[in-house]
Amino acid sequence: MTSAEKIIAALDLQSREEVLEVLDMLPDVRFVKVGMELFYSTGPGLVTMLKDRGLRVFLDLKIHDIPNTAYGAIKSLSKLGCDLLNLHCAGGLEMMKRARDAVVGDTKLIGVTQLTSIDQTVLNEQLGIEGTVEDCVLHYANLAKQAGLHGVVCSPNEVSMIKTAFGPSFLAVTPGVRPHGSHSQDQKRTMTPKEAVQAGSDYLVIGRPILASPDPQQAFNDILREIEVAS
Ligand code: C5P
């Protein structure tokens, strides 16, 4: 895998036109993420268009429902030919197993452990989950592994723990990546691109540090160089 393929650029945008503009600005991007904001406004055709352009696509819709509905959702989405799809581990083992059964083709299904915007206080005081964030992430990752998922979404801080527990081929996809000097915004459990790669992240999901930069191409290339040196 090339370093450029390790960076998943989050297309947190509203329209197809904005996507085309951004892709023109970022000719070296190889892997993109379509989240709820973009998918809900443009629909499945956008994924097909991105695949037709030769891009790899992570469809980040974080499915979380009863097992039968999760099965149907993953069945519909995986037919689009996306490379990565996800669902919330908090939906439980049966939901994850049913969803895994629905995957067709080469799509890889990964489980969201705890959002990188959740910190220790929110976990304990608002979500009512006892223990540390790491305990919870490990527990959810264990369920994902048992369900036959291909890996998890977690913070870069938790990658080495996940790889030690579940082996190198269990994917660790990490948002919460912030280059030195950039704003953490709503992300709480962050690392730099270099640290994330050194920790063993397979893919770095990066949105605002690229798209909200005054020069997105420069921002992407700076991250790429940082990763190349770290790999
Ligand atoms: O702009 P930023 O780099 O924070 O974007 C991170 C992206 O990763 C967002 O699109 C967000 O929805 C997504 N994400 C996340 N935490 C997760 C899963 C996905 O931040 N656990």
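Calculation rules
- Residues numbered from 1 in each chain as written.
- Predicted model: local features only at pLDDT ≥ 70, side-chain atom pairs only at ≥ 80, totals over all residues.
- Heavy atoms only, no water.
- Near = heavy atom within 4 Å.
- Polar contact = N/O pair within 3.5 Å; in protein donor to acceptor, adjacent residues only side chain to side chain.
- Areas by Shrake-Rupley, 256 points an atom, 1.4 Å probe, with all protein chains shown as cover.
- Helix = DSSP H or I, 4+ residues; strand = E, 2+ residues; numbered from the N terminus.
- Contact = heavy atoms within 4.5 Å.
- Phe/Tyr/Trp six-rings, centres within 6.5 Å; stacked < 30°, edge-to-face > 60°.
- Buried < 20%, exposed > 50% of the residue type's maximum accessible area, 1.4 Å probe, protein only.
- 1 Å grid on protein atoms, 1.4 Å probe; cavity = no way out; pocket = protein on both sides within 12 Å on 5 of 7 lines; lining within 4 Å.
- Points joined across faces, edges and corners; volume = space filled by probe spheres on them.
- Nonpolar A, V, L, I, M, F, W, Y, C, P; charged D, E, K, R; others polar.
- Pairing = 2+ DSSP bridges.
- Axes fitted to C-alpha atoms, helices over the stretch in contact; angles between N-to-C directions.

Participant: So what exactly am I meant to see when it comes to the site of the ligand here?
Facilitator: Among the 17 residues in the neighbourhood of the ligand, the closest are listed as D12, K33, R178, G207 and R208. A distance of 2.8 Å separates an oxygen atom of the ligand from a polar backbone atom of G207. Here R208 contributes a backbone N or O atom positioned 2.7 Å from an oxygen atom of the ligand. Alone, the ligand offers 470 Å² of accessible surface; in the complex the protein occludes 88% of this.

Participant: Got a minute to help me understand the side chain of S213 in this structure?
Facilitator: By the element assignment, S213 lies in the loop between α11 (208-211) and α12 (216-230). Setting aside anything within four residues of it in sequence, one finds S213 in contact with R208 and A219.

Participant: I keep staring at the packing of aromatic side chains and nothing clicks. Help me out?
Facilitator: Each aromatic ring pair is characterised by the separation of its centres together with the angle its planes make. Counted under the stated rule, the structure contains two aromatic pairs. Ring centres of F31 and Y203 lie 5.2 Å apart, and the angle between their planes is 75°; this geometry places the pair in the edge-to-face category. Residue F31 is found in strand β2 (residues 31-35), and its partner Y203 is found in strand β8 (residues 203-206); the two are separated by 172 residues along the sequence. By relative accessible area, which is 1% here, F31 ends up buried.

Participant: Looking at this model, I keep getting lost on the layout of surface pockets. Mind explaining?
Facilitator: Unfilled space is identified by rolling a water-sized probe across the atoms. Quantified by volume, the largest pocket comes out at close to 610 Å³. The wall of the largest pocket is formed by 28 residues, among which D12, K33, D60, K62 and Q187 lie closest to the centre. When contributions to the lining of the largest pocket are tallied by element, the ones reaching two or more residues are β2, α3 (36-42), β3 (56-63), β8 and α11. Looking at the lining of the largest pocket element by element, the count peaks at three residues for β3. Across the lining of the largest pocket, the residue classes tally to 12 nonpolar, eight polar and eight charged.

Participant: Help me out: how do you make sense of the sheet that holds β3 in this one?
Facilitator: Either a parallel or an antiparallel arrangement is found when strands of a sheet pair, and the pairing is made through backbone hydrogen bonds. The eight strands lie next to each other as β1-β2-β3-β4-β5-β6-β7-β8, forming a closed barrel whose pairing is parallel. Each adjacent strand pair in this sheet contributes to an overall mean axis angle of 25°, direction not counted. The pairing of β2 with β3 spans five bridges and is parallel. Bridge pairing in β3 links V32 to V57. Contacting β1 (7-10) and β8, α12 crosses the sheet at an angle of about 155° to β1.

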